[in-house]
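One-letter residues, chain by chain:
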Amino acid sequence: MPELTNDFSLEEYISNTMISLGVPAHLKGYRYLRSAIMIATKDMQVVGSVTKLLYPEVAKLYDTTNSKVERAIRNAIEISWERGNTNLFEEFYGYSNKDGNERPTNSEYIANIADQIQLQMRAKINES
């Protein structure tokens, strides 16, 4: 898992984590997912209501619809689940596809990455 350092921006950290998990950077869902994780990192409340809060906010950023955001994120997660780093999935989610488990939901995927970022950020603050 990448480390969050002072000179390493939040966006870079999220991008590296997503690529490590196997999300292809050429997909629209990659950009939508990165933005959703950034928003969730700053306010975890949005994860509790992805359809009413998070997707509309991401859709507004990219001038698209909520349903297109949801579908693109779901597709990006499905691809990373099928082709991604199973060891990293085990680390982040406690399970992976190698045991026949179902992929995490969009909100689980977003929430887990955002939570990992928040934990690393708190650890960095406590080190200072």
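Attention now goes to the overall build of the chain. Check the secondary structure of the chain and you find six helices and zero strands. When the helices and strands of the chain are listed from N to C terminus, the series reads α-α-α-α-α-α. Taken over C-alpha atoms, the radius of gyration comes to 14 Å for the chain, in line with the 14 Å a tight globule of 128 residues would show. Overall, the C-alpha framework of the chain stretches about 40 × 35 × 25 Å when taken along its three principal axes. The buried share of the chain, taken over its 128 residues, is 44%. Contacts in the chain between residues far apart in sequence, at least 24 positions, make up 56% of those at least 6 positions apart. Working note: accessible area of the chain is about 7000 Å², and carbon and sulfur atoms make up 46% of it. On the chain, the mean spot of the 14 positive side-chain charges and the mean spot of the 17 negative ones are 8 Å from each other.

With a phi close to 50°, D63 is a non-glycine residue in the positive phi region. Residue placement: D63 occurs in the loop between α3 (50-62) and α4 (66-83). Given the relative accessible area of 74%, D63 is considered exposed.

Time to look at the pattern of salt bridges. The full count for this structure, using the stated rule, is three salt bridges. As a salt-bridge pair, R74 and E70 come within 3.0 Å of each other at their nearest N and O atoms. A residue pair is termed a helical-turn pair when its members lie 3 or 4 positions apart in one helix, as R74 and E70 do in helix α4 at four residues. On the accessibility criterion, E70 (23% relative accessible area) is partly exposed. R103 is the salt-bridge partner of E78, the closest N and O atoms lying 3.7 Å from each other. Of this pair, E78 sits in helix α4 while R103 sits in the loop between α5 (86-93) and α6 (106-127), and the two are 25 residues apart along the sequence. E78 gets classed as partly exposed once you look at its relative accessible area, which sits at 30%. By relative accessible area, R103 is classed as partly exposed at 22%.

Cut-offs and rules
- Residues numbered from 1 in each chain as written.
- Predicted model: local features only at pLDDT ≥ 70, side-chain atom pairs only at ≥ 80, totals over all residues.
- Heavy atoms only, no water.
- Helix = DSSP H or I, 4+ residues; strand = E, 2+ residues; numbered from the N terminus.
- Rg over C-alpha atoms; globule rule 2.2 N^0.38 Å.
- Buried < 20%, exposed > 50% of the residue type's maximum accessible area, 1.4 Å probe, protein only.
- Contact = heavy atoms within 4.5 Å.
- Areas by Shrake-Rupley, 256 points an atom, 1.4 Å probe, with all protein chains shown as cover.
- Lys, Arg positive; Asp, Glu negative; His and termini not counted.
- Charge placed at Lys NZ, Arg CZ, Asp CG, Glu CD.
- Salt bridge = Lys/Arg side-chain N within 4 Å of Asp/Glu carboxyl O.

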